[in-house]
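Listed below are the residues making up each chain.
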Amino acid sequence: MKIIFLGAPGAGKGTQAEKVAAHLNIPTISTGAIIRAALKEGTEMGLAAKAYIEAGKLVPDEVVIGIIKERLANDDCKNGFILDGFPRTIAQAEALDAMGIEIDLVVNISVDDATIVERMSGRRVCAACGATFHTKFNPSADGDKCDKCGAELTIRKDDKPEVVADRLRVYHEETEPLERYYDAKGILKTVVGQEKLEDTTALTFKAIGV
Ligand code: AP5
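For the structure given in this document, a descriptive report is provided here. (Residues numbered from 1 in each chain as written. Predicted model: local features only at pLDDT ≥ 70, side-chain atom pairs only at ≥ 80, totals over all residues. Heavy atoms only, no water.)

1. Topic: the site of the ligand
Right, so step 1: With respect to spatial proximity, 36 residues lie near the ligand, and among them T15, K57, R88, R167 and E195 are the closest.
Right, so step 2: Between R123 and the ligand, the recorded distance is 2.7 Å, taken from a side-chain N or O atom to an oxygen atom.
Right, so step 3: Interatomic distance of 2.8 Å between a backbone N/O atom of F133 and an oxygen atom of the ligand.
Right, so step 4: For the ligand, the protein covers 98% of the area, taking 1000 Å² as the surface of the free molecule.
Right, so step 5: The residue makeup of the shell around the ligand, split by class, is 12 nonpolar, 13 polar and 11 charged. (Near = heavy atom within 4 Å. Polar contact = N/O pair within 3.5 Å; in protein donor to acceptor, adjacent residues only side chain to side chain. Areas by Shrake-Rupley, 256 points an atom, 1.4 Å probe, with all protein chains shown as cover. Nonpolar A, V, L, I, M, F, W, Y, C, P; charged D, E, K, R; others polar.)

Okay, structure coming up:
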């Protein structure tokens, strides 16, 4: 299956994508995670993206489209994949179409802005393996350490309240129009995000039909 997870920043795309990917045994491709890894390694692309990410702005389309083209050519994508955080603009969606990739389903996780702000303020991310937790909704058993690898949990720079407001504005202006784009193709399913992670997972699995 080829699935896109759409939704506001912090809607839970990454959290749900990880569960679906494990169930279907397909990779999750998160452009945000790829860019953050490049930033950590100090590559040219990572350094070029730094200012955009930290200001809550979108990285230019041509950069992200290049990342996706390269990643989708890998062997592990042959039996399907989940795109988390791509496409984020109509131009990116059109580029995906132009690559000849037929998406089976777009899962749109819908969460109101006030809830998003609460989720971002409590998000903690493992500095080593990237696992995501939440101080209230999905706490690590070990407090400040990652349950999976034991490394330190950190706060993402773009989770600062002033940056979150900008990310939400960008989402409404540039990414939300994709709902109409994929609805017109008849492949959009909306899941209303629930307070409990496992309730959203149950609705997501139902939308996917697994
Ligand atoms: P990216 O990493 O994609 O960030 P995002 O879309 O802003 O999404 P997040 O990772 O913040 O949230 P999520 O929806 O995955 O939520 P999560 O599962 O973590 O992108 C970062 C930046 O990279 C962008 O701003 C941009 O600059 C750049 N970029 C990336 N892709 C790009 C593209 N295609 N084009 C241009 N630029 C691009 O959940 C959030 C929190 O809530 C967690 O703590 C989680 O535990 C908790 N939670 C989740 N679900 C629930 C629930 N149901 N109940 C309670 N808590 C929950």
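2. Side note on the sheet that holds strand β6 (residues 132-134)
Right, so step 1: Spatial ordering of the open sheet is given by β6-β5-β7, a layout of three strands whose pairing is antiparallel. The open sheet has two edge strands, β6 and β7 (153-154), and neither has a second partner.
Right, so step 2: Sheet topology places strand β5 (residues 123-126) next to β7; two bridges connect them, and they run antiparallel. The residue of β7 that forms the bridge with V125 is T154.
Right, so step 3: Where helix α6 (residues 113-122) meets the sheet, it contacts β5 and β6, and its direction lies at approximately 40° from that of β5. (Pairing = 2+ DSSP bridges. Helix = DSSP H or I, 4+ residues; strand = E, 2+ residues; numbered from the N terminus. Contact = heavy atoms within 4.5 Å. Axes fitted to C-alpha atoms, helices over the stretch in contact; angles between N-to-C directions.)

3. Describing the sheet that holds strand β1 (residues 2-7)
Right, so step 1: In spatial order, the strands read β2-β3-β1-β4-β8; together these five strands make up an open sheet with parallel pairing. Each end of this open sheet is capped by a strand with a single partner; those strands are β2 (28-30) and β8 (188-192). Pairs of neighbouring strands in the sheet enclose a mean axial angle of 20°, with direction left out of account.
Right, so step 2: In the sheet, β1 pairs with strand β4 (residues 105-110) via five bridges, with the strands oriented parallel. Following the sheet pairing, I3 is matched in β4 by L105.
Right, so step 3: Against the sheet, helix α1 (residues 13-24) touches β1, β2, β3 (81-84) and β4, its axis set at about 165° to β1.

4. A few points about α6
Right, so step 1: Of all the residues in α6, the buried ones are I116, R119, M120 and G122.
Right, so step 2: Of the surrounding elements, those touching the buried residues of α6 are β5, β6 and α7 (161-175).
Right, so step 3: N-capping of α6 is provided by D112, with a side-chain oxygen placed 3.2 Å from the backbone N of A114. (Buried < 20%, exposed > 50% of the residue type's maximum accessible area, 1.4 Å probe, protein only.)

5. Concerning the nonpolar core
Right, so step 1: Within the largest apolar cluster, 27 residues are counted, with the highest numbers of intra-cluster contacts made by L72, F81, L83, L96, I103, V106 and Y182.
Right, so step 2: Among the elements of the structure, β1, α3 (44-55), α4 (61-72), β3, α5 (90-98) and α8 (177-184) are those that each provide at least two residues to this core.
Right, so step 3: If you tally residues by element for this core, the top one is α4, at five residues.
Right, so step 4: Among residues more than four places away in sequence, those in contact with L96 are I4, I68, L72, L83, F86, P87, I101, I103 and Y182.
Right, so step 5: Core analysis: the second largest hydrophobic core is formed by 22 residues, A17, V20, F205 and A207 among them. (Core = buried A, V, L, I, M, F, W, Y, C linked by side-chain atoms within 4.5 Å.)

6. A closer look at the packing of helix α2 (residues 31-41) against α3
Right, so step 1: Axis separation between α2 and α3 bottoms out at 8 Å; the angle between their running directions is 115°. Here the hand of the crossing between α2 and α3 comes out left-handed. On α3, the residues touching I34, I35, A38 and L39 of α2 are M45, G46, L47, A49, K50 and I53.
Right, so step 2: When its residues are assigned to classes, the contact of α2 with α3 shows eight nonpolar, one polar and one charged. (Left-handed = near helix turned anticlockwise from the far one by under 90°.)

7. A closer look at the pairing of β4
Right, so step 1: A large share of β4 lies buried, amounting to five of its six residues.
Right, so step 2: Pairing of β4 with β8 involves five bridges; the strand directions are parallel. Bridging from a neighbouring strand, N108 pairs with T190 of β8.

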